[in-house]
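This is what each chain is made of:
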Amino acid sequence: MVRVFLPAVCFVWQIAMIILFGIFIRYNEESDAHWIEHKTSNNISSNIENDFYFRYPSFQDVHVMIFVGFGFLMTFLKRYSFGAVGFNFLIAGFGLQWALLMQGWFHSLDPMDGKIKIGVESMINADFCVASCLIAYGAVLGKVSPVQLMVMTLFGVTLYAVEEYIILSLIHARDAGGSMVIHTFGAYYGLSISWMLYRPNLDQSKHRIGSVYHSDVFAMIGTLFLWMFWPSFNSAISDHGDGQHRAAINTYLSLAATVLTSIAISSLSQKTGKLDMVHIQNATLAGGVAVGTAAEFMLMPYGSLIVGFCCGIISTLGYIYITPFMEKYLKIHDTCGIHNLHAMPGVIGGIVGAITAAAASKGVYGTEGLANTFDFMGKWKDMMPTQQGGHQAAGLCVALCFGIGGGIIVGCILRLPIWGDAPDNSCFDDDIYWELPEDEENNPPTVEYNNHMRNKAV
Amino acid sequence: MVRVFLPAVCFVWQIAMIILFGIFIRYNEESDAHWIEHKTSNNISSNIENDFYFRYPSFQDVHVMIFVGFGFLMTFLKRYSFGAVGFNFLIAGFGLQWALLMQGWFHSLDPMDGKIKIGVESMINADFCVASCLIAYGAVLGKVSPVQLMVMTLFGVTLYAVEEYIILSLIHARDAGGSMVIHTFGAYYGLSISWMLYRPNLDQSKHRIGSVYHSDVFAMIGTLFLWMFWPSFNSAISDHGDGQHRAAINTYLSLAATVLTSIAISSLSQKTGKLDMVHIQNATLAGGVAVGTAAEFMLMPYGSLIVGFCCGIISTLGYIYITPFMEKYLKIHDTCGIHNLHAMPGVIGGIVGAITAAAASKGVYGTEGLANTFDFMGKWKDMMPTQQGGHQAAGLCVALCFGIGGGIIVGCILRLPIWGDAPDNSCFDDDIYWELPEDEENNPPTVEYNNHMRNKAV
Amino acid sequence: MVRVFLPAVCFVWQIAMIILFGIFIRYNEESDAHWIEHKTSNNISSNIENDFYFRYPSFQDVHVMIFVGFGFLMTFLKRYSFGAVGFNFLIAGFGLQWALLMQGWFHSLDPMDGKIKIGVESMINADFCVASCLIAYGAVLGKVSPVQLMVMTLFGVTLYAVEEYIILSLIHARDAGGSMVIHTFGAYYGLSISWMLYRPNLDQSKHRIGSVYHSDVFAMIGTLFLWMFWPSFNSAISDHGDGQHRAAINTYLSLAATVLTSIAISSLSQKTGKLDMVHIQNATLAGGVAVGTAAEFMLMPYGSLIVGFCCGIISTLGYIYITPFMEKYLKIHDTCGIHNLHAMPGVIGGIVGAITAAAASKGVYGTEGLANTFDFMGKWKDMMPTQQGGHQAAGLCVALCFGIGGGIIVGCILRLPIWGDAPDNSCFDDDIYWELPEDEENNPPTVEYNNHMRNKAV
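Because the structure is predicted, anything quoted here is derived from the model rather than measured.

Draft legend 1. Highlighting the interface of chain A and chain B. If you look at the interface, chain A gives 84 residues, while chain B gives 93 residues. Summing both partners gives a buried area of about 7900 Å² for chain A against chain B, and 70% of it is carried by carbon and sulfur. Between lysine 274 of chain B and aspartate 431 of chain A there is a salt bridge; the shortest N-O distance is 3.7 Å. At the junction of chain A and chain B, the tally comes to 24 residue pairs in polar contact (both at pLDDT 80 or more). Elements that contribute at least two residues to the side of chain A that touches chain B include exactly α1 (2-24), β1 (25-27), α2 (35-41), α3 (51-73), α4 (81-107), α5 (120-140) and α8 (213-235) of chain A. Broken down by element, the residue count for the side of chain A that touches chain B peaks at 12 residues, all from α1 of chain A. Residue classes in the side of chain A that touches chain B are distributed as 50 nonpolar, 17 polar and 17 charged.

Shown next, in the form of C-alpha cells:
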C-alpha cells in the first residue's frame, strides 16, 4: 500500500507543481535579467540595493532552521531519528513549492499579467509557511504515515496562506516573526489533528518514547540552530534598516533570558535538582516564539528580557504539568510538546504584540518612525496605535480559529483508514518506513537484512 | 612508513606553499589597505560596494558545504567516520592553498607586477576547486591512504585550474555553479581513479561497508548542509544583482523537486515500500548539481522544477541499478555513489545549460540583460545565444576529457606500491590511520589501548 | 542543595539583568525607530548603509561558534556531552547579558542621557566576551558545578570588560580577533582557576576521561564550525571595507596551514603513525587564534601561512608534551587542553600583532590606509607604527595579568565548599546534574529510571 501510495502522491503533486509553476510563476524585477534596465529606469545606484543583499543572509539562516533546526530537534526519540529528519525533509520540500503558489496568489500576483513574481522574500515566506506545518508535525511525530504528513502539509499550507492574508492584509496586523501567523496557527493545527487521531492504546509503543544518550545530543543540534538563528527568523522580512536591526536585537535578548529561566525551572522540578534534556531542548526556544510579533516594535531591550523570562518559566512548567494533563484528560498526545514551545508562547507573543502596538507613541518612535514601523500608509494612514493594538488582537483570534478549526477538519480526513499509518504497537519506530542498518550492538543480523544489500555495498 | 611519509608530505607541501605565496600572492584592491584611496580615486561612494559584502555570506555557506557538508555526508560508514571527516579536512586544507595559486596564475595574475591578487572571490573559487577533489574522494572513500589523497588533490587541483581556464576563458562557456567544471570533472576524475585502483578482493572488507543507525544520522547533517546551502553555491560567483538572486531561486526550486522524486523512487524500489537512507542522503542533492550551469540563466522557475524532478529520478535509479552494474561489469567501485550524485547530474547540468543558453533571446533577457548574463562583451560582443549553446557543449566535453583522462593518469600513479594504502581486508576501517577510543559497547578494552593514554587524560 | 542553589542564582541574576537593562540599555541610532529621521538628517542615502548589513552575517557566524562551536567541541567526553553543550548554553546565555552591560558602561555610554546604546556590534562584542568564559570552561570541564560556572562567568565577564577597556581604549592596542583580549585572557583565567581547584584524587574519575567513537564525531561538529567561521570571528568588528575583507583572508589562510602541520605532528608523535582525534579536533584551530590580532593588518598572505604553520606545530606538541607536564608538575589539569589551543596561540598572536604593527609603513599601507587601519586619529594622530608595536606588547601583558590574577582570585572563591561540585569519583559524569535516558546498550533499566517518566512520555 505505502509502496504505491507514497510514490504516487509524490509524483502527482510534483507534476502538478510543475504545471502550476509553468502557468503562474515568474521572476520578480530584482531577479529577472531585466534588472539592469530596471535599475537604470528607477535610478537605483548600485546592485547592492537589490533586495537579495538585504535578505539573503537571513533567508539562509531561516533555511537552516527549517531543515536542520526542526529536523534535528525531533531526532530525540531513540528509534525515530530517520523519520524525524527524513519526513521533515519531505514535508518541507513539498510544502515550500505549494507555499510559493498559495502565498503568491494572495500576495504577489501581478495585475498586469496575472503572474506571481517571486524573489528572495518569497522564499523566506515559503519557508515560514512550511515552518507552521513542521510545528504541527511535532505533535504527531511517530504516529502518522508520510502520506498523512503530505496531506497535512497540503491543507496546512493552504490554510496558512488564507489566514496570513486575512491577518496581514485584511486586518492589517503586523507579525514579523509570526508568533500568531506561524506559531499559534501551526501549533493549534497540529494539536487539533493529534486530538482527532488520538490512539487510546498508544502505551503499546510506550517503551519507544524516550531518548538514548546520543539521540539527545543530536536533538541539541536542532535546538541550537533554532536558538542561534531565531534573530534572523524574526528579522528576515521586517523593514529594511532599523526594522531588521531591532528585530534581531530583541530576539537575541529574549532568547538569552529564556535559557536561564528554563534551566531554573527544570532543576526546581526534580527532587534531585537534576536538569531534564527535554526542557533544555525545547523550552529554551520559547522566548524566540513569544517575541515574534513585537520584535520589530520598540519593545525595548528590557521588554524583550521580560518576555523571555516569562516564557522560559511557562514553557518549562508546560512540559512538567500541562503535557501530561492534556494527554490524560483531553486525549491530546503531543509528542514534542509543541503546546509548550509554540502554542502558549505564540499566544503570548500575539498578546505582547497587541500591547506593544497599542502603547506605541510618536515620542518613542518619532512621527515618521511610527508610520514606517506600523505601515500606517495608504488606506491605513489615519490609524492610531491603540486601534492597531485591537487589530493585532483580532489577528490572534483568526490564527487560533484557523488552527483549531482547520486542524479538526484535516484530522477528520486523516482518520480515514486509507493512509497506511502505523499500528499502535509500531509507533515511534523507524522500522516500518525505513530500511534500517544492522546495528551491531543491539540488532542481531537477520535474514531480511542480509537479503537487502545496501546499494553502496560491494 | 605512513609515520614518516604523511608528515613529510605535509611539511614539504606546506613549506612550498609559503614560499610560493611569498613570491606570488598579494591582496587585491578591495582587501588592501589602499582601498580607502582606491575608493576615492574610483568614485566609490561607500564601503558597502566592496565585493566582500556581495559575496562573503555566500562564501561562508560554500565553506560550510566543503567542510561540514562533504565531510559529514561521508560519515555514513559504520567505522570510517573519522577518516571521512578528517581526511576531508586534510584534502580541503591543502587543496585550497594550491587552488589559490593555480587559479591565480590562470585568472588573476596582475600584468603590472606579476602578482596574483586575491579577494573574497578567490576564496570562493578555491573552495569550488577543492569541491571537485572532495567529490573524487567520495569514489575512493575507505580504500586509499591519506598520502594518496594528497597526491590526488595535488593533481586534481592542477587539472581543475587548467580545464576551468579552457572552459571559462578560452571557450567562454558560463558555469556559475560548476555543473561541468566542478561536478562532471570531479566525478569522472574520481571514478577513473577508482577504476585504476580496482581491488578484486574487496569483499574481504564487505562487512564494514554499511552504516549503523547513528552514522546515518550524522550523514544527514552533511546532506542537509549541502542541500540548504546549494543556492549559495550556485550563486556565489554569479553576477551581482539579478544574477545572484536568480541563481539562488533556481537552485532552491530544483532541490525541492528533487526531494520528492528521490523519495518516490526510493520507496518504489523496495518490495516493502520502505525508504533507503542512501537515497535520501544523496539523490536529494542531484537537483543542485544539475541546475549549476543554468542557475544564472532565465531557466524559469518551472524549468528548475523540471530539472530537479528528472534528476531525483535518475540519481535514485542510479543508486539502485547503475552502481551495482558499474561495480560488477566495469570494475569501478564507487563508495559514495558519486556517479549518481555528481557525474550524471553534472552532465545533465551541462546539457541543460547549453540548451538554455541556445534558447536565450532578447525578448526574455532584454538587450542589456542578455549581454550582461552571458558576458557578451569585449571580443565576445557579437556572439549569438545559439553559438553560446555550442560553446557550452564544448565546455562539457572538455570537462569530461579532463576528468577521465586525468583520472586514468593519476590512477596509474596511485597504483605504485609506495603509498601505504590499506590491505584489502582493512578497507573502510579507521583503525589503520586513527587512534580509536575504546568503545564500551563493542570494543573490549585492550592492552594496546590502555597503553595509549589520550593526551587529555589524567 | 543544587536543587535550590542553581534556580535561585538563575532567577536572581535574570531579574537583576532585567532591572539593569531597564535602567541602562536602549537601542542605538541604527536600531531605533528614529533611524528613518536620522538617515535624512545625516544624509545617508540608503538603508543598506545601516551597520546591520555590514556586520550581521558575521555576527551570526560568531553566534554559531559560541553555541555550536564551543558547545560541541567539548562533547568529546564519553559521558559529559550533556554537560558540555548544556552548560555552555547556560554560561553563554547569562554571560552575554552581563557583557552587554559591562561593555556598555565602558564603551558605549551615551553622555547625553547616561544610557548604553546597543546595536549589532554590541551583540558581537557580547559574544566575544562570552567566548573568553567558554574558553575558561574548557579547562575545568567536568570538574565544576553549574553554579561555579555562573560565578566564573560573572567575574570573567567583569574582568574582561575592564581589561578590554584598558587594552583597546587606554593603551590603544588593536585586537580585532581578540588574540590577547579574548584568548590569552580567557585561557589563563581558566588555567588559573583550574590550578586553584586542583583535585589530587582525580584519577578516581580517570576511566571517564576519554571519548567513544561517536562522541568524537560530535566533537568534530564543533571543530569544523569553529574552523569555518573563524574568518568571520576575526573580521566581525574590524573596519568596514578592506579591514573586514583582509581579516577574513588572513584567517582563512592561517587556518588552512594549521591543518597540515597539526596532522603532520600528530602522525609523527605516534609510533604507529596514526592520527589522534584530540589533535585534529583542537590543534587545527590554533592558527585562527594566533592570527587574531594581526588579521586586519597587512600581514600578507604568506605571513598568515607562516603563523598557521607554526601554531599547528606548537599546539600539537603542546597536547603531546605540555599538557601532561602541566598536570604532573604544575598541578594544573586542563580537560580540553586550552593551554595549547588558546593560551600559547593567543600569546603568539599578541606578539605577531606587535611585530606586524611595528613594521607597518606608509609604503605598504598608504598614508590614509595606515591612519585608517591603526586608527591614528584624534589624540593618537601622531602615533608611529613602532610606538603602536609597543602598545600592542603592553596590551598583551595586561591580558596576561588579568587572566592569571583574576583566575587566582576567582579560583579562591570557587574553592569555598558551598558550590555543590562533584566529588572526585563523579567528575566527567553527566549523571550528577542531568536526568539521563536509559541507554539500551550499556545502562540496564533501573527502578530509578522507570519512576522518572520523561515528560514527553505517554
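Draft legend 2. Structural context of the relation of the copies chain A and chain B. Rotating chain A by 120 degrees and moving it 0.0 Å along the rotation axis overlays it on chain B with an RMSD of 0.0 Å. Those values place the two copies in the arrangement expected of a three-fold rotation axis. The share of interface residues of chain A whose copies in chain B are also at the interface is only 12%, consistent with the copies meeting through different surfaces.

Draft legend 3. Representation of the interface of chain A and chain C within the structure. On the chain C side, the residues contacting the 95 residues of chain A number 84 residues. Summed over both partners, the interface of chain A with chain C comes to about 7800 Å²; 70% of that surface belongs to carbon and sulfur atoms. Linking chain A to chain C there are one salt bridge. In this assembly, chain A and chain C are joined by 25 residue pairs in polar contact (both at pLDDT 80 or more).

Draft legend 4. Just the relation of the copies chain A and chain C, in detail. Taken as rigid bodies, chain A and chain C are interconverted by a rotation of 120 degrees and an axial shift of 0.0 Å, the fit giving an RMSD of 0.0 Å. Of all interface residues in chain A, a mere 11% are interface residues in chain C too; the two copies therefore contact each other through different surfaces.

Draft legend 5. Representation of helix α8 (residues 213-235) of chain B in the model. Residue and element names in this part refer to chain B. Over its 23 residues, α8 runs 34 Å from end to end, which matches the ideal 33 Å to within 8%, given 1.5 Å per residue. The sharpest bend along α8 reaches about 50 degrees and sits at phenylalanine 229, with the proline proline 231 one to four residues further on. α8 sits mainly inside the fold: 23 of its 23 residues count as buried.

Draft legend 6. Spatial organisation of the sheet that holds strand β2 (residues 109-110) of chain C. Residue and element names in this part refer to chain C. Spatially, the three strands line up as an open sheet ordered β1-β3-β2, and their pairing is mixed. Single-partner strands in this sheet number two, and they are β1 (25-27) and β2. Alignment of β1 against strand β3 (residues 115-118), held across three bridges, turns out to be parallel. Bridge pairing in β3 links isoleucine 25 to isoleucine 116. Along the sheet, helix α4 (residues 81-107) makes contact with β1, β2 and β3, crossing β3 at roughly 110 degrees.

Draft legend 7. Geometry of the packing of helix α7 (residues 179-196) of chain B against helix α16 (residues 385-415) of chain B. Residue and element names in this part refer to chain B. Taken N-terminus to C-terminus, the directions of α7 and α16 make an angle of 30 degrees; their axes are 7 Å apart at the nearest point. The pairing of α7 with α16 is recorded here as roughly parallel in orientation. Seen from above, α7 lies across α16 with right-handed handedness. For the contact of α7 with α16, the per-class residue count stands at 16 nonpolar, eight polar and one charged.

Draft legend 8. Representation of the UniProt feature "domain: Ammonium transporter AmtB-like" (unreviewed entry) in chain A within the structure. Within this structure's numbering, the places UniProt gives as "domain: Ammonium transporter AmtB-like" (unreviewed entry) are residues 50-416 of chain A. Taken end to end, residues 50-416 of chain A is 74% helix and 2% strand, and its two terminal C-alpha atoms sit 48 Å from one another.

Draft legend 9. Inspection of a nonpolar patch on the surface at higher detail. There is a patch of nonpolar side chains on the surface, built from Ile15, Ile19 and Ile23 of chain A and spanning about 260 Å² of accessible area. Mapped onto the fold, isoleucine 15 of chain A is located in helix α1.

Draft legend 10. Representation of the pairing of strand β3 (residues 115-118) of chain A within the structure. Residues and elements named next belong to chain A. Of the two faces of β3, only the one carrying Ile116 and Ile118 is buried; Lys115 and Lys117 on the other face are not. Summarising the sheet, strand β2 (residues 109-110) and β3 pair through two bridges and their orientation is antiparallel. Along β3, the bridge assignment pairs aspartate 110 with lysine 115. Counting the residues in the hairpin turn of β2 and β3 gives four residues, including glycine 114, whose phi is positive at 70 degrees.

About the cut-offs
- Residues numbered from 1 in each chain as written.
- Chains lettered and ligands numbered in written order.
- Predicted model: local features only at pLDDT ≥ 70, side-chain atom pairs only at ≥ 80, totals over all residues.
- Heavy atoms only, no water.
- Contact = heavy atoms within 4.5 Å.
- Buried area = accessible area lost by both parts, 1.4 Å probe.
- Salt bridge = Lys/Arg side-chain N within 4 Å of Asp/Glu carboxyl O.
- Polar contact = N/O pair within 3.5 Å; in protein donor to acceptor, adjacent residues only side chain to side chain.
- Helix = DSSP H or I, 4+ residues; strand = E, 2+ residues; numbered from the N terminus.
- Nonpolar A, V, L, I, M, F, W, Y, C, P; charged D, E, K, R; others polar.
- Least-squares fit on C-alpha atoms with pLDDT ≥ 70 in both.
- Expected span 1.5 Å × (residues − 1).
- Bend = angle between axes of the 7 residues up to and from the residue.
- Buried < 20%, exposed > 50% of the residue type's maximum accessible area, 1.4 Å probe, protein only.
- Pairing = 2+ DSSP bridges.
- Axes fitted to C-alpha atoms, helices over the stretch in contact; angles between N-to-C directions.
- Parallel < 35°, antiparallel > 145°, perpendicular 65-115°, else oblique.
- Left-handed = near helix turned anticlockwise from the far one by under 90°.
- UniProt positions renumbered as here; feature names shortened; annotations may be inferred.
- Patch = residues over 30% accessible without salt bridge, like charges linked within 9 Å, V, L, I, M, F, W, Y side chains within 5 Å.
- Areas by Shrake-Rupley, 256 points an atom, 1.4 Å probe, with all protein chains shown as cover.

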